[in-house]
Amino acid sequence: MTDIIWGTATKILDNSSFELNVTHRKDENKNNYSDNEIIVFTEIDIVSIPSDPNMRTVQQIENALKDKFIKCEIMSRSENSDLVCKVFHSGAGGY
């Protein structure tokens, strides 16, 4: 099973990464996650953000993610400890 965390995107770093204030963690997660994580997204399922990273702007990412409740399906942790994830807007109930 994939580890999943949820939280609010607090700061957009570039067109493929942001800071996440982690508020929820799936009970079955295999790993531990801090209250603040850097998320690097490889896939994003948000209509207003182009799937092609070369077509994205920081402003598009900021408009779509900043201060929003986000779901992150964790694929791996990078060499510099960032989480590599698939990113989604979270549902009405938060999950």
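Here, the structure is the one placed above.
Quick caveat, the model's predicted, so the values are computed rather than measured.

A.B. asks: What is the right way to read the overall build of the chain from this model?
C.D. replies: For the chain, the helix and strand inventory stands at one helix and five strands. When the helices and strands of the chain are listed from N to C terminus, the series reads β-β-β-α-β-β. Rg of the C-alpha trace for the chain: 12 Å, near the compact-globule value of 12 Å for 95 residues, within the 12% margin. Viewed in the frame of its principal axes, the chain has a C-alpha envelope of about 35 × 35 × 20 Å. Every one of the 95 residues in the chain was classed for burial, and the buried ones make up 38%. Considering only residue pairs separated by 6 or more positions, the chain has 52% of its internal contacts joining residues 24 or more positions apart. With the model as given, the accessible surface of the chain reaches about 5,500 Å², and the carbon-plus-sulfur share is 47%. If the 10 positive side-chain charges of the chain are averaged to one point and the 15 negative ones to another, these points end up 2 Å apart.

A.B. asks: Looking at this structure, how should I read the pairing of strand β5 (residues 83–89)?
C.D. replies: Each regular strand carries side chains that alternate between the two faces of the sheet. Where strand β3 (residues 36–45) meets β5, six bridges bridge the pair, whose relative direction is parallel. Residue pairing across strands places Phe41 opposite Cys85, the latter belonging to β5. Sheet analysis places strand β4 (residues 69–77) next to β5, joined by seven bridges and oriented antiparallel. Bridging across to β5, Ser76 finds its partner in Val84. Here β4 folds back onto β5, and the loop between the two strands holds five residues, one of which, Ser81, carries a positive phi near 75 degrees.

A.B. asks: Please explain the pattern of salt bridges as it appears in this structure.
C.D. replies: In this structure the tally under the stated criterion is four salt bridges. Put simply, Lys66 and Asp67 hold a salt bridge, and the shortest N to O gap is 3.9 Å. The exposure class of Lys66 is partly exposed, given its relative accessible area of 30%. In this structure Asp67 comes out as exposed when scored by relative accessible area, which is 56%. Close ionic contact of Lys71 with Glu73 constitutes a salt bridge, the shortest N to O distance being 3.8 Å.

A.B. asks: Can you help me understand unusual backbone geometry in this one?
C.D. replies: Most of the time, phi is negative for any residue but glycine, and the peptide bond is trans. At Asp67, a residue that is not glycine, the phi angle is positive and equals roughly 65 degrees. In this fold, Asp67 is placed in the loop between α1 (58–65) and β4. Unusually for a residue other than glycine, Ser81 sits at a positive phi of about 75 degrees. Examined against the element boundaries, Ser81 turns out to sit in the loop between β4 and β5. A relative accessible area of 42% means that Ser81 is categorised as partly exposed.

So, how was this worked out
- Residues numbered from 1 in each chain as written.
- Predicted model: local features only at pLDDT ≥ 70, side-chain atom pairs only at ≥ 80, totals over all residues.
- Heavy atoms only, no water.
- Helix = DSSP H or I, 4+ residues; strand = E, 2+ residues; numbered from the N terminus.
- Rg over C-alpha atoms; globule rule 2.2 N^0.38 Å.
- Buried < 20%, exposed > 50% of the residue type's maximum accessible area, 1.4 Å probe, protein only.
- Contact = heavy atoms within 4.5 Å.
- Areas by Shrake-Rupley, 256 points an atom, 1.4 Å probe, with all protein chains shown as cover.
- Lys, Arg positive; Asp, Glu negative; His and termini not counted.
- Charge placed at Lys NZ, Arg CZ, Asp CG, Glu CD.
- Pairing = 2+ DSSP bridges.
- Salt bridge = Lys/Arg side-chain N within 4 Å of Asp/Glu carboxyl O.

Read these as layout, nothing more, since geometry by itself doesn't imply function.
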